[in-house]
Amino acid sequence: MQPIMDTDLWLAHKRRAVIDPVDGADFLMRRSAEDLADRLGAVERSFGKAAALFCQTPAAVDVLAASGKAAEIVRVEADAAFLGGAAGLIAPLETVPFAPESLDLAVSLLSLQAMNDIPGMLVQIRRALRPDGLFLGAFAGAGTLGELRESLLAAETELYGGASPRVIPFTDVRDAGALLQRAGFALPVADVETVTVRYANLFSLMADLRATGETSALADRSRRPGTRSLFARAAQIYAERFSDPDGRIRASFSIVWMSGWAPDASQQKPLKPGSAKVSLKTILENP
């Protein structure tokens with residue numbers, strides 16, 4: 001399979017962001033961690049062993065610990081720099097370093113979008129879960145940075161008569177649900193929340209992306225550096241198409257959430273077709 005992402009480059013960008021942090025640049029991770037807390041709080045059960053997979057910061061582990069719902073928490077990262085001296089396992093990205101049926105809960109925040117084999121990663125997570133174990137994951141999905149993509153494409157086409165991909169492709173929420181089913185999860189659910197962030201201009205947005213380690217890591221990216229004229233024209237187009245009355249521009253981040261359970265005999269199952277005791281017609285005729 002031809003890789004879409006240069007994962008080594010993505011990790012290099014992330015390491016740089018960790019080594020030289022910018023205050024407030026982790027706003028999406030903090031937002032995702034808050035959502036994780038809400039979703040975990042809605043689950044009325046406790047878990048034995050939990051794993052936070054490639055979350056890049058302590059945010060997910062902090063949420064798991066604060067919930068009091070996990071007896072044991074293991075953090076897994078692709079580079080020791082992300083651990084910052086804290087305890088955890090180092091494993092290659094896109095691997096789940098646990099034996100089959102050894103976890104009760106697995107969470108992943110904002111890393112699946114950087115993986116080349118999301119279906120394979122989900123299969124590994126499902127296999128590592130004990131029966132009735134839960135997976136909760138969030139990643140940047142379709143619609144993320146759509147304004148930036150359109151502006152760069154328009155500017156490069158106008159200036160050079162063609163364009164190279166500069167923003168990674170993102171998975172749609174509908175595809176996310178299908179991927180969970182394909183990986184063998186029971187009771188799969190996928191939903192999306194779009195966060196709109198306002199910036200002074202395109203250059204402020206790009207500075208934030210650099211600070212979070214989310215600049216382009218496409219394997220098939222153009223090796224020709226973007227010129228000053230390209231980004232200047234893209235900034236003009238962005239302002240023309242996606243600015244508010246006060247002149248600030250909008251940037252969309254669509255966070256797709258996935259949840260699924262490792263199959264277990266105790267789980268609810270849909271009724272077989274034709275097994276209903278009352279017809280829909282009867283219900284509608286007798287409100």
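Quick caveat, the model's predicted, so the values are computed rather than measured.

Draft legend 1. Spatial organisation of helix α7 (residues 173–182). The complete set of buried residues in α7 reads A176, G177, L179 and L180. Along the axis of α7, the buried residues cluster in a sector spanning 160 degrees; they form a single face. Residues of α7 that are exposed and point more than 90 degrees away from the buried face comprise R174, Q181 and R182. Those residues of α7 that are buried lie in contact with α5 (118–128), β5 (129–140), β6 (186–199) and β7 (249–261). Directly after α7, the chain includes G184, whose backbone phi takes a positive value near 95 degrees.

Draft legend 2. A look at the side chain of S111. Tracing the sequence through the fold places S111 in the loop between β4 (103–109) and α5. A distance of 3.1 Å separates the side chain of S111 from the backbone oxygen of F54, its partner in a polar contact. A distance of 3.3 Å separates the side chain of S111 from the side chain of S108, its partner in a polar contact. Ignoring any residue separated from it by four or fewer positions in sequence, one finds S111 in contact with W10, L53, F54, Q56 and A138.

Draft legend 3. View of the pattern of salt bridges. Summed over the entire model, instances satisfying the criterion amount to 15 salt bridges. The closest approach of N and O atoms between E158 and R233, which form a salt bridge, is 2.9 Å. Here E158, found in helix α6 (residues 146–160), pairs with R233, found in helix α9 (residues 228–242); they are 75 residues apart in sequence, far enough to count as distant. Across the pair R250 and D244 runs a salt bridge whose closest N-O atoms are separated by 2.7 Å. Take R250: its relative accessible area is 26%, and that puts it in the partly exposed class. One salt-bridge network, in which partners are shared between bridges, spans R198, D244, D246 and R250.

Cut-offs applied
Residues numbered from 1 in each chain as written. Predicted model: local features only at pLDDT ≥ 70, side-chain atom pairs only at ≥ 80, totals over all residues. Heavy atoms only, no water. Buried < 20%, exposed > 50% of the residue type's maximum accessible area, 1.4 Å probe, protein only. Helix = DSSP H or I, 4+ residues; strand = E, 2+ residues; numbered from the N terminus. Arc of directions from axis to C-beta. Contact = heavy atoms within 4.5 Å. Polar contact = N/O pair within 3.5 Å; in protein donor to acceptor, adjacent residues only side chain to side chain. Salt bridge = Lys/Arg side-chain N within 4 Å of Asp/Glu carboxyl O.

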